[in-house]
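Spelled out from the first residue to the last, the chains are:
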Amino acid sequence: VAGSPGKGSGAPEGGGGAGVSSSSSSGLGADAGLEIRTRSVEQTLVPLVSQITTLINHKDKPKRSDKTLQAIQRVGQAVNLAVGRFVTVGEAIANENHELKEEMSIACIEARRAGETIAQLTDVANLDHPESDSHITIFTDKTGVVKAARLLLSSVTKVLVLADRIVIKQIITSRNKVLATMEQLEKVSSFQEFVQIFSQFGNEMVEFAHLTGDRQNDLKDEKKKARMAASRAVLEKCTMMLLTASKTCLRHPDCESARINKDGVFHRMRLALEQVIEIVTDSRPNGENEMAPISIYSGIKEFKNKVEGLRENLYFLSKENLSTMLEVILEHTEDFTDSAYTSHEHREHILELSKQAKMELEQLVSVWMQAQNQKTKDLMEDLEVAILKTCQCMNELKREVHSAATSLAADLLKYHMDHMVLKALKITGVEGNLEAVAEYTCKLSEQKEQLVEMCRLLRHVSGTEPLEITCIHAEDTFQVTGPQIISAAETLALHPSSKIAKENLEVFCEAWESQLSDMSMLLREINDVFEGRRGEKRVYLSLPRPGKHNANLKALKPVKLDTEEQAKIAKLGLELHLLTSDVDSETEKWENQENDIVQHGQGMSSMAYSMYLFTR
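Residues numbered from 1 in each chain as written. Predicted model: local features only at pLDDT ≥ 70, side-chain atom pairs only at ≥ 80, totals over all residues. Heavy atoms only, no water.

Participant: Just checking my understanding: could you explain the overall build of the protein for this structure?
Facilitator: A tally of helices and strands in the protein yields 17 helices and zero strands. Evaluated residue by residue, the protein yields a buried proportion of 45% over its 616 residues. Across the protein, every contact between residues at least 6 apart in sequence was considered, and the portion connecting residues at least 24 apart equals 78%. Carbon and sulfur atoms provide 52% of the accessible area of the protein, an area that totals close to 32,600 Å². (Helix = DSSP H or I, 4+ residues; strand = E, 2+ residues; numbered from the N terminus. Buried < 20%, exposed > 50% of the residue type's maximum accessible area, 1.4 Å probe, protein only. Contact = heavy atoms within 4.5 Å. Areas by Shrake-Rupley, 256 points an atom, 1.4 Å probe, with all protein chains shown as cover.)

Put into structure tokens, the structure is as follows:
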């Protein structure tokens, strides 16, 4: 395992969830100033911490066999060899990035020196002792080993954090290229120029997507990961919107609704690009509070923790503090009771439980104040009952708001899944029927308000911060996409024979349909969290890999396919997709669906379709 840090950028295979903190039991630790934000940095340190901990926690015994001494020596040598390989990679990264060369070189020298010191201190041959001595103790200078180990961890962490800064720089550079090309795209006035620049923009967006995708998967903070996923989803969908909206504007330069449509896409992409950089650099120029107000779930969780904390300490908070917390939770329940979409039954139950929660807290405070004055057995039992009743009431309130939000979401998703309004907008737009388009845009605005309200209520019951962020993203998507569909539909109604205006409306409608489909998955996830069902996700690593995983440390060039190769792959992928459709439609004709041949055929078809999606 000690050899793992030498691989590529130092990313080991596997590794646990522990970080540098694993070393705290041995008095070790990396510099406090070096915050580790990614899994690849953390997991690279895991095997090193493990090996060093083995050496430090080694207990001296009166007698040591040669076998044990040699085993400890091997660990010391393995650490040194691994550090040597790791440092070689660090030096290669330094040579490729001159602005970090000095810092990286110093950290590499420190790491190499510390590794060599550990090897010397654990070398049996260096121990000054006669062969017949039966009281051999390894680590004649244990303080020296601890000092060397601390320096080693600190310097290796520095190398990793510096390497991580290179990834951040790559993302910022990539974003700057995308922004510069976007500015060019906004100003173009001819189709030929637009096609040429958009081709370059597409390549830059692909590069940006790869870099940010790796980063997203590597982030330790689940909130940041969710925000990054939301921003990347916006950029992915907006790229196609930007293409059709820009083409529509070029085709109909005097059309105001087409210009509004295009400007909306550019504005949203810029916001998403900015958010990615905020997450990557861990900076928020527009203030710290990027999150929406506290949700009912998190409020109830914190409130219950405080109430249950009274069992351990009767004086750690004031009754005013507890009352304020409950008031905030009950204020948030007004989002449900004031909503036009909450059923009468749910509204009544929420109001009843809110009233009950106030009464339970009054009773709790009364017993609690008495218990502070005199801790009798009876009073402590009464306090326990009051704590249980308060928490039970909050659990029932939580269950009621969850039921209200999820049942509304299920009903709305089912009702709007036929996309009748979108279909009507496409038909009336092609007919050039401005009056009918106006009528259906009003209906779409109503639908948008319903879905936005649904997202707001779901956020309160989402159960985890990443799911809260996903709800906020969904709300924002409906809020923005609704008006964009309306401006695209108006453009088509004004130019009913325009193929590009029709295609543009299709693209925005697809984005709306896609978000509705995503809401179904989000609703399932929210229910899974509520029921206590959650799966583990795989870990990916994103540290820079300057050379191959051996002595040849020349920079790896990314593989670039020329246009012909790209077209060939895309064509093969599409053909594969069409063939799988044929297989599916053919197997549907078979009466006996349990037939082995049919099942094998369907399995192969499914696999082929997955391959198609991958090549796409």
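Participant: Looking at this structure, how should I read the environment of Leu516?
Facilitator: Mapped onto the elements of the fold, Leu516 is located in helix H15 (residues 499-531). Exposure remark for Leu516: the relative accessible area of 0% places this residue in the buried category. With 99 residues separating them along the chain, Leu516 and Met417 place their C-alpha atoms 7.5 Å apart. Among residues more than four places away in sequence, those in contact with Leu516 are Leu413, His416, Met417, His419, Leu451 and Phe478.

Participant: Hey, could you run me through the packing of aromatic side chains in this one?
Facilitator: For any pair of aromatic rings, the description rests on two quantities: the centre-to-centre distance and the angle between the ring planes. Per the stated rule, a full pass over the model turns up four aromatic pairs. Members of the aromatic cluster, joined through ring pairs, are Phe194, Phe198 and Phe201. (Phe/Tyr/Trp six-rings, centres within 6.5 Å; stacked < 30°, edge-to-face > 60°.)

Participant: Help me understand unusual backbone geometry, please; the structure alone is not making it clear to me.
Facilitator: A negative phi angle characterises most non-glycine residues, just as the trans form characterises most peptide bonds. With phi around 55°, His419 is a residue other than glycine that occupies positive phi space. Within the secondary structure, His419 sits in the loop between helix H11 (377-416) and helix H12 (420-431). According to the relative accessible area criterion, His419 is buried, its value standing at 14%.

Participant: Help me understand a negative patch on the surface in this model?
Facilitator: A cluster of like negative charges, contributed by Glu327, Glu331, Glu334, Asp335 and Asp338, occupies part of the molecular surface. Within the secondary structure, Glu331 is located in helix H9 (residues 319-337). (Patch = residues over 30% accessible without salt bridge, like charges linked within 9 Å, V, L, I, M, F, W, Y side chains within 5 Å. Salt bridge = Lys/Arg side-chain N within 4 Å of Asp/Glu carboxyl O. Lys, Arg positive; Asp, Glu negative; His and termini not counted. Charge placed at Lys NZ, Arg CZ, Asp CG, Glu CD.)

Participant: What am I meant to see in the environment of Gln51 here?
Facilitator: If you trace the backbone, Gln51 turns up in helix H1 (residues 39-56). With relative accessibility at 16%, the residue Gln51 sits in the buried group. Each C-alpha atom, one on Gln51 and one on Val79, is 7.1 Å from the other, the two residues being 28 residues apart in sequence.

Participant: Which parts of the structure should I look at to understand the packing of helix H7 (residues 256-281) against helix H14 (residues 465-494)?
Facilitator: The interhelical angle for the contact between H7 and H14, taken along N-to-C directions, is 155°, at an axis separation of 8 Å. Compared by their axis directions, H7 and H14 come out roughly antiparallel. The hand of the H7/H14 crossing is left-handed. Counted together, Ser257, Ala258, Asn261, Gly264, Val265 and Arg268 of H7 and His473, Asp476, Thr477, Val480, Thr481, Gln484, Ser487, Ala488, Glu490, Thr491 and Leu494 of H14 form the full contact between these two elements. (Axes fitted to C-alpha atoms, helices over the stretch in contact; angles between N-to-C directions. Parallel < 35°, antiparallel > 145°, perpendicular 65-115°, else oblique. Left-handed = near helix turned anticlockwise from the far one by under 90°.)

Participant: Looking at this model, I keep getting lost on the environment of Glu525. Mind explaining?
Facilitator: In this fold, Glu525 is placed in helix H15. In this structure, the C-alpha to C-alpha distance between Glu525 and Ser462, residues 63 residues apart in sequence, is 8.4 Å.

Participant: Would you take a moment to explain the packing of helix H6 (residues 222-251) against H14 for this structure?
Facilitator: Two quantities define a packed helix pair, namely the angle between the helix axes and the distance between the axes. One way to put it is that H6 packs onto H14 with a least axis distance of 9 Å and a crossing angle of 10°. Relative to H14, the element H6 lies roughly parallel. Contact with H6, carried on its side by Glu222, Lys223, Ala226, Arg227, Ala230, Ala233, Val234, Met241 and Thr248, involves Glu465, Pro466, Ile469, His473, Gln484 and Thr491 of H14 and no other residues of that element. Class assignment for the residues of the contact of H6 with H14 results in seven nonpolar, four polar and four charged. (Nonpolar A, V, L, I, M, F, W, Y, C, P; charged D, E, K, R; others polar.)

Participant: How should I be thinking about the pattern of salt bridges in this particular structure?
Facilitator: Oppositely charged side chains may form a pair once their charged atoms are brought near each other. Using the criterion set out here, one finds 23 salt bridges in the structure. With a shortest N-O distance of 3.4 Å, Lys237 and Asp518 are connected by a salt bridge. With Lys237 in helix H6 and Asp518 in helix H15, this residue pair connects regions lying 281 residues apart in the sequence. Look at Asp518 and you get partly exposed, because its relative accessible area is 29%. Salt bridges here are not isolated pairs; linked through shared partners, they connect Arg37, Lys224 and Asp282.

Participant: Sorry if this is basic, but what is going on with empty space enclosed by the protein here?
Facilitator: Over the atoms, a rolled probe matching the size of one water molecule traces out where space is still vacant. Counted under the stated rule, the structure contains two cavities of 30 Å³ or more. Estimated volume of the largest cavity: approximately 60 Å³. Taken together, Ala233, Val234, Lys237, Cys238, Met241, Arg268, His473, Thr477, Thr481, Ala511 and Gln515 make up the lining of the largest cavity. At the level of elements, H6, H14 and H15 are the ones that each hand at least two residues to the lining of the largest cavity. Ranked by residue count, the leading element in the lining of the largest cavity is H6, at five residues. Grouping the amino acids of the lining of the largest cavity by side-chain chemistry returns five nonpolar, four polar and two charged. (1 Å grid on protein atoms, 1.4 Å probe; cavity = no way out; pocket = protein on both sides within 12 Å on 5 of 7 lines; lining within 4 Å. Points joined across faces, edges and corners; volume = space filled by probe spheres on them.)

Participant: Would you mind going over the side chain of His416 with me for this structure?
Facilitator: Turning to its location among the elements, His416 is positioned in helix H11. Side-chain polar atoms of His416 contact the side chain of Gln447, separated by 3.3 Å. (Polar contact = N/O pair within 3.5 Å; in protein donor to acceptor, adjacent residues only side chain to side chain.)

Participant: Would you mind going over H7 with me for this structure?
Facilitator: The periodicity of an α-helix, 3.6 residues per turn, causes residues three or four positions apart to be oriented the same way. Taking 1.5 Å of rise per residue, the 26 residues of H7 would be expected to cover 38 Å, and the 38 Å separating its terminal C-alpha atoms lies within 8% of that figure. Just downstream of H7 lies Asp282, where phi reads positive at about 60°. (Expected span 1.5 Å × (residues − 1).)

Participant: Which parts of the structure should I look at to understand the side chain of Glu204?
Facilitator: Topologically, Glu204 is positioned in helix H5 (residues 191-218). The buried charged residue Glu204 lacks any salt bridge, with Lys177 as its nearest oppositely charged partner at 5.8 Å. Aside from chain neighbours lying at most four places away, what touches Glu204 is Ser174, Lys177, Val178 and Thr181.

Participant: What is the right way to read H15 from this model?
Facilitator: With 33 residues, H15 should reach 48 Å at 1.5 Å per residue; the first-to-last C-alpha distance of 48 Å fits that figure. Phi turns positive one or two residues past the end of H15, at Gly532, with a value near 85°.

Participant: I would appreciate a short explanation of the confidence of the model for the protein in the present structure.
Facilitator: Low-pLDDT portions of the prediction should not be read for the details of their coordinates. For the protein, the average pLDDT comes to 81, and 75% of its residues sit at 70 or higher. pLDDT under 50 marks residues 128-139. Its contacts with residues more than four places away, or in other chains, come to 25 contacts. (pLDDT = per-residue confidence, 0-100.)

Participant: Before we go on, may I ask you to explain the state of the cysteines in this structure?
Facilitator: A covalent bond between the sulfur atoms of two cysteines is referred to as a disulfide. Using the criterion set out here, one finds zero disulfides in the structure. Among the cysteines around Cys393, which has no disulfide bond, Cys391 carries the closest sulfur, lying 9.9 Å off. (Disulfide = S-S within 2.5 Å.)

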